[in-house]
Structures are given as C-alpha cells and as structure tokens.
Amino acid sequence: GIRDRDIRLVRHRFPQTPLGLFVRGEMGSSRQYLPLADFVITNSTGIAQYVADLLAGASVPVSVIPNSLELSYCTEVKTYTADGDVRGLVYLGRIEKVKGVLELLHAHRKVQQRFPDATLTVVGGNYSQGPLSEYEREVLDCATSNGLNVRFIGQVPNKKTAEILLEADIAVFPSIWLESFGMVALEADSTETMLALSSIQLDKILDKGKPLAATVQ
C-alpha cells in the first residue's frame, strides 16, 4: 500500500511532476492520501463516484479510463426460447472471499431445493491443477458437504470461457465488495447471456439493452 514516505519521496525527486493515484476498488487506510494527489484515475464511473465521495469536495480531479478488453473470441450469442427452463448457472472469476463465492453456494442450495436439477459451474481457481488456497478448499467443502450440483473446472482459456457462457442460462457475479470494471461480466454480456449481479457497479458498465436476469443486493 501507499506510505507517507512514498509520497514524500516522489514529491522530493519530481517536484514539478503531477502526482496521480489509480483507484480500482475499495480503499483502506490509503484513502487518507487522496487529498494529497494532483489527480485520480479510475476504471469505472462507479469507482469515480466512490472516490469523489471520499474526497468530500476536495479539489482533486477524477478521471475514468476504462480497461481495454479484446472480445474477438466471443463471436456467438446466446439464444433463449420463451418456454425454455433456466437451470444452468455459471460463475467465472477468482475464487476469493471478496467475490462472494461462498455466498453464491449458499444461495444455490436454496435454488436447488426448489429446482433439484439446477446446476452451477464454477470457472476459476486452482481446481484443475492445485494446490488449493484455504478459501478454495472452504468453497469445495461447502459444495460437497451440502450435496450441491456444482462443477469446479478451474481456469480455462478465453475461447473456452465463451463456450461455457453459451452453455449456461445465467452468469452469476456475487461480489461482496465494490467492483470496478467487471471484465468477466462484460464477456458474458457480449454473448448475451443473462446476468445476475450483486454489485451495482457492474450494472453501470453494461449495455442496458442486453439481458439482465437480476441485480441482487
């Protein structure tokens, strides 16, 4: 993280150079340095508003520069039928606490109680090669102990990601922290797979004309 001496060192060595900060998510103690910056760059409008709220009127300009995302591998789009059942869910992303994967499994248990044939595919983490992190083991144990219809397939190449999205009915992104630029959600969005989002920040960067299953707080 940022330290006082880092700020002083940069100011001392480059006194005429503007000092900028890049913010891509929720800030801890480093938020105290925001007023010391000459400018702030974020990668989403949601994070920009978050930074503006933290600055509380301080005259530090905040700019948005979105991440670049190459989507040539997402050439097909999902089609739905009016009478089709929606049973296949997919999560793609890092297997970390802030991503809300355990919360997703607890929610899927309730879904499975109502729809016994509902399935969840978890893409990401070290499930295909190991070793597993403590949280990855906790997620796997939760699925096993509760008898959930969950398939863990680990990390996959981009082309395979697109194929998995097309096979699913809903792509779920259950983050429990302030998301900045949901690149995987944009991949799902580009294939027109329905989305279920837990972060309103993700919702703000999506094309409103694309199918959105739900935004859940």
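A brief report on the enclosed structure follows.

The rules behind each value
- Residues numbered from 1 in each chain as written.
- Predicted model: local features only at pLDDT ≥ 70, side-chain atom pairs only at ≥ 80, totals over all residues.
- Heavy atoms only, no water.
- Helix = DSSP H or I, 4+ residues; strand = E, 2+ residues; numbered from the N terminus.
- Buried < 20%, exposed > 50% of the residue type's maximum accessible area, 1.4 Å probe, protein only.
- Lys, Arg positive; Asp, Glu negative; His and termini not counted.
- Salt bridge = Lys/Arg side-chain N within 4 Å of Asp/Glu carboxyl O.
- Pairing = 2+ DSSP bridges.
- Right-handed = clockwise from strand over helix to strand, strands pointing away.
- Phe/Tyr/Trp six-rings, centres within 6.5 Å; stacked < 30°, edge-to-face > 60°.
- Axes fitted to C-alpha atoms, helices over the stretch in contact; angles between N-to-C directions.
- Contact = heavy atoms within 4.5 Å.
- Core = buried A, V, L, I, M, F, W, Y, C linked by side-chain atoms within 4.5 Å.
- Parallel < 35°, antiparallel > 145°, perpendicular 65-115°, else oblique.
- Nonpolar A, V, L, I, M, F, W, Y, C, P; charged D, E, K, R; others polar.

## Side note on the side chain of Asp169
Turning to step 1, where the next piece is worked out: Within the fold, Asp169 resides in the loop between α5 (158-167) and β7 (170-173).
Turning to step 2, where the next piece is worked out: The buried charged residue Asp169 lacks any salt bridge partner; its closest oppositely charged side chain belongs to Lys78, at an N-O distance of 4.0 Å.

## Considering the pairing of strand β5 (residues 119-123)
The side chains of a regular strand alternate, residue by residue, between the two faces of the sheet.
Turning to step 1, where the next piece is worked out: When you tally the buried positions in β5, you get four out of five residues, the bulk of the element.
Turning to step 2, where the next piece is worked out: Looking at chain direction, strand β4 (residues 88-92) and β5 are connected through five bridges and run parallel. Paired with Gly88 across the bridge in β5 is Thr119.
Turning to step 3, where the next piece is worked out: Crossover handedness for the path β5 to helix α4 (residues 134-145) to strand β6 (residues 150-154): right-handed.

## A few points about the packing of aromatic side chains
The relation between two aromatic rings is expressed through the spacing of the ring centres and the mutual angle of the planes.
Turning to step 1, where the next piece is worked out: For the structure on display, the rule yields one aromatic pair.
Turning to step 2, where the next piece is worked out: A centroid spacing of 4.6 Å and a plane angle of 45° characterise the contact between Tyr127 and Phe152, whose relative ring orientation is tilted. Of this pair, Tyr127 sits in the loop between β5 and α4 while Phe152 sits in strand β6, placing them 25 residues apart in sequence. No difference in accessibility class separates Tyr127 from Phe152, as the two residues are buried.

## Focus: the sheet that holds strand β2 (residues 39-42)
Turning to step 1, where the next piece is worked out: Strand order in the open sheet formed by three strands is β1-β2-β3, with parallel pairing between adjacent strands. Each of the sheet's edge strands pairs with one partner strand only, and the pair in question is β1 (20-23) and β3 (62-64). Across the sheet, the mean angle from the axis of one strand to that of its neighbour is 25°, orientation sign disregarded.
Turning to step 2, where the next piece is worked out: Of the pairings in the sheet, the one linking β1 to β2 comprises four bridges and is parallel in character. Within β2, the residue paired with Leu21 across the bridge is Val40.
Turning to step 3, where the next piece is worked out: In the packing of helix α2 (residues 45-55) onto the sheet, contacts are made with β1, β2 and β3, and the angle to β3 comes to roughly 175°.

## So, the nonpolar core
Turning to step 1, where the next piece is worked out: Residues Ile95, Leu105, Leu120, Val122, Val139, Val150 and Phe152 are the most contacted members of the largest nonpolar core, which totals 21 residues.
Turning to step 2, where the next piece is worked out: Within the residue set of this core, elements represented by two or more residues are β4, α3 (101-114), β5, α4, β6, β7 and β8 (194-197).
Turning to step 3, where the next piece is worked out: Core analysis: the second largest hydrophobic core is formed by 13 residues, Leu165, Ala171, Phe173 and Ala185 among them.

## Here's the deal with the packing of α3 against α4
Turning to step 1, where the next piece is worked out: It is at 10 Å that the axes of α3 and α4 come closest, and there the two elements cross at 5°. Relative to α4, the element α3 is oriented roughly parallel. The segment α3 lies against α4, with Val101, Leu102, Glu103, Leu105 and His106 engaging Tyr135, Glu138, Val139, Cys142 and Ala143.
Turning to step 2, where the next piece is worked out: Here the contact of α3 with α4 is built from residues that sort into seven nonpolar, one polar and two charged.

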